[in-house]
Amino acid sequence: MRSQRAQELIAVEQSPAALTILHEHVTSKRSRSSPISSLEPVMLQFVELCVDLKKGKLAKDGLYQYKNTAQNTNVGTIEVRTHLFAYLILANMGIF
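Quick caveat, the model's predicted, so the values are computed rather than measured. Every chain is numbered on its own, with residues counted from 1 as its sequence reads. Owing to the predicted nature of the model, reporting of local features is limited to residues with pLDDT of at least 70; listing and counting of side-chain atom pairs is limited to 80 or more, with chain, interface and lining totals taken over all residues. Hydrogens and waters are ignored; side-chain quantities use all the structure's heavy atoms.

Before going further, it helps to examine the side chain of S28. A run of H or I in DSSP becomes a helix once it reaches four residues, and a run of E becomes a strand once it reaches two; helices and strands are each numbered from the N terminus. Looking at the secondary structure, you find S28 in the loop between helix 2 (15-27) and helix 3 (29-32). Accessible area is worked out with a 1.4 Å probe on protein chains only. A residue is then buried under 20% of its type maximum, exposed over 50%, and partly exposed in between. When its relative accessible area of 19% is taken as the criterion, S28 is described as buried. A polar contact of 3.1 Å, which involves the side chain of S28, links it to the backbone oxygen of H25. In protein, a polar contact requires one atom able to donate a hydrogen and another able to accept it; more generally it is a pair of N or O atoms within 3.5 Å, and residues adjacent in sequence count only if both atoms are side-chain atoms.

This is the structure we're talking about:
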């Protein structure tokens, strides 16, 4: 699976390549029809990498696609991901 490949790339310090793989996974048409429970761990990893690599536009695009996928099934999960994103940004800035 793509998230497993992304973890392998992170392990060998290829974070930009891992982020590309995760972004493609989040924005693909196939993932729109998959259950939210399978996308949640991918989104956690995606948001963390976006913050670490300072890729705000990529994060915005991925979160927007995730919102569109999740809005019909579980709105609460969107809130959790956006709060995580904000928390990670503030933590990187040294506020938390």
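This part is about the nonpolar core. Side-chain atoms within 4.5 Å are what join buried Ala, Val, Leu, Ile, Met, Phe, Trp, Tyr and Cys residues into a set we call a nonpolar core. Ranked by size, the top nonpolar core spans 23 residues in total, and within it L22, M43, F46, V47 and F85 carry the most contacts. The set of elements that each furnish at least two residues to this core consists of helix 1 (2-11), helix 2, helix 4 (36-53), helix 5 (56-70) and helix 6 (75-93). The dominant element in this core, judged by the number of residues it contributes, is helix 4, at 9 residues. With residues up to four places along the chain from it excluded, the contact list for V47 reads L63, L84, F85 and L88. In this analysis, two residues are considered to be in contact whenever any of their non-hydrogen atoms come within 4.5 Å of each other.

With that settled, consider the pattern of salt bridges. If charged atoms from side chains of opposite charge come close, those side chains can pair. Counted as salt bridges are all cases of a side-chain nitrogen of Lys or Arg within 4 Å of a carboxyl oxygen of Asp or Glu. Under the definition given, this model contains 2 salt bridges. A salt bridge links R5 to E8; its shortest N-O distance comes to 3.5 Å. With R5 and E8 both in helix 1 and 3 residues apart, this pair spans about one turn of that helix. The closest approach of N and O atoms between R81 and E40, which form a salt bridge, is 3.9 Å. Of the two residues, R81 sits in helix 6 while E40 sits in helix 4, which places them 41 residues apart along the sequence. Judged by its relative accessible area of 7%, R81 is buried.

Attention shifts here to the environment of T77. The residue T77 is located in helix 6 in this model. The buried category is assigned to T77, whose relative accessible area is 4%. Residues T77 and A59, spaced 18 residues apart in sequence, show a C-alpha to C-alpha distance of 16 Å. Apart from the residues lying within four places of it in its own chain, the contact partners of T77 are I36, E40, Y66 and A70. A distance of 2.7 Å separates a polar atom in the side chain of T77 from a polar atom in the side chain of Y66.

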